Amino acid sequence: MLHTLSRSPWRCDIESLLSMLREGDTVLLIQDGVLAAVEGSRFVDILCNAPISVSALKDDIEARGLIGQISTKIDVVSYTDFVNLAIQHTGQMNW
């Protein structure tokens, strides 16, 4: 399943998101959700310790002036990659 986090991680129920994750799922951080990818954020550790893939949309990172502040544990992806993730994962949930 593809989980897209579009809200700030401080305005989202991360515990509920984590309870829904299954091995092989992907979390894509978009819009204000990219704030969860900032190096040193507690959310980076929370997400990266789950048996999932975590990516963040490059355009949203750039729009928020966060280039150079994103953890190296997070894959930075393009809109084309976003489309490929949506095709790869038939089920999707937005947080």
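Our subject is the structure listed above.
The rules behind these values
Residues numbered from 1 in each chain as written. Predicted model: local features only at pLDDT ≥ 70, side-chain atom pairs only at ≥ 80, totals over all residues. Heavy atoms only, no water. Helix = DSSP H or I, 4+ residues; strand = E, 2+ residues; numbered from the N terminus. Contact = heavy atoms within 4.5 Å. Salt bridge = Lys/Arg side-chain N within 4 Å of Asp/Glu carboxyl O. Buried < 20%, exposed > 50% of the residue type's maximum accessible area, 1.4 Å probe, protein only. Core = buried A, V, L, I, M, F, W, Y, C linked by side-chain atoms within 4.5 Å. Pairing = 2+ DSSP bridges. Right-handed = clockwise from strand over helix to strand, strands pointing away.

(A) Representation of the environment of Leu5 in the model. Among the secondary structure elements, Leu5 is positioned in strand β1 (residues 2-5). Linking Leu5 and Glu15, residues 10 residues apart in sequence, is a C-alpha distance of 13 Å. Beyond its immediate chain neighbours, meaning those up to four positions away, Leu5 contacts Cys12, Ile14, Leu28, Leu29, Ile30, Gly33, Ala36, Asn94 and Trp95.

(B) Main features of the pattern of salt bridges. The tally for this structure, following the rule as stated, stands at four salt bridges. Between Glu62 and Lys58 there is a salt bridge whose closest N-O contact spans 3.9 Å. Of the two residues, Glu62 and Lys58 are both situated in helix α3 (residues 58-63); the distance of four residues between them amounts to about one turn of the helix. Because the salt bridges share partners, they merge into one network encompassing Asp32, Asp60 and Arg64.

(C) Summary view of the environment of Asp59. Inspection of the secondary structure puts Asp59 in helix α3. For Asp59, a relative accessible area of 37% translates into the label partly exposed. Residues Asp59 and Thr72, spaced 13 residues apart in sequence, show a C-alpha to C-alpha distance of 17 Å.

(D) Region of the structure containing the nonpolar core. Counting 21 residues, the largest nonpolar core has Leu5, Leu29 and Ala56 as the members making the most contacts within it. Taken together, the elements giving at least two residues each to this core come down to α1 (14-20), β2 (26-29), α2 (42-48) and β3 (53-57). If we ignore the near neighbours within four places in the chain, the residues touching Ala56 are Leu28, Leu29, Val34, Ala37, Ile61, Ile74, Asp75, Val76 and Val77. One finds Leu2, Leu28, Val77 and Leu85 within the second-largest nonpolar core, a separate group that totals six residues.

(E) Structural view of the environment of Leu85. Structurally, Leu85 can be placed in helix α4 (residues 79-88). Given a relative accessible area of 12%, Leu85 falls into the buried group. Remark: the alpha-carbon pair of Leu85 and Val34, spanning 51 residues in sequence, is separated by 17 Å. Every residue in contact with Leu85, bar those within four places of it in the chain, is listed here: Leu2, Thr26 and Leu28.

(F) Up close: unusual backbone geometry. One non-glycine residue, Gln31, lies in positive phi territory at about 45°. When you line up the elements, Gln31 lands in the loop between β2 and α2.

(G) Local environment of the pairing of β3. Most of β3 sits inside the fold, with four of its five residues counted as buried. Two strands pair when backbone bridges link them, and β2 and β3 are joined in this way by four bridges, in the parallel orientation. Residue pairing in the sheet places Thr26 in a bridge with Ser53 of β3. Tracing the backbone out of β2, into α2 and back to the parallel element β3 gives a crossover that is right-handed. The pairing of β3 with strand β4 (residues 75-77) spans three bridges and is parallel. Counterpart to Leu57 in the pairing with β4 is Val77. In this view, the connection linking β3 to its parallel neighbour β4 by way of α3 has right-handed handedness.

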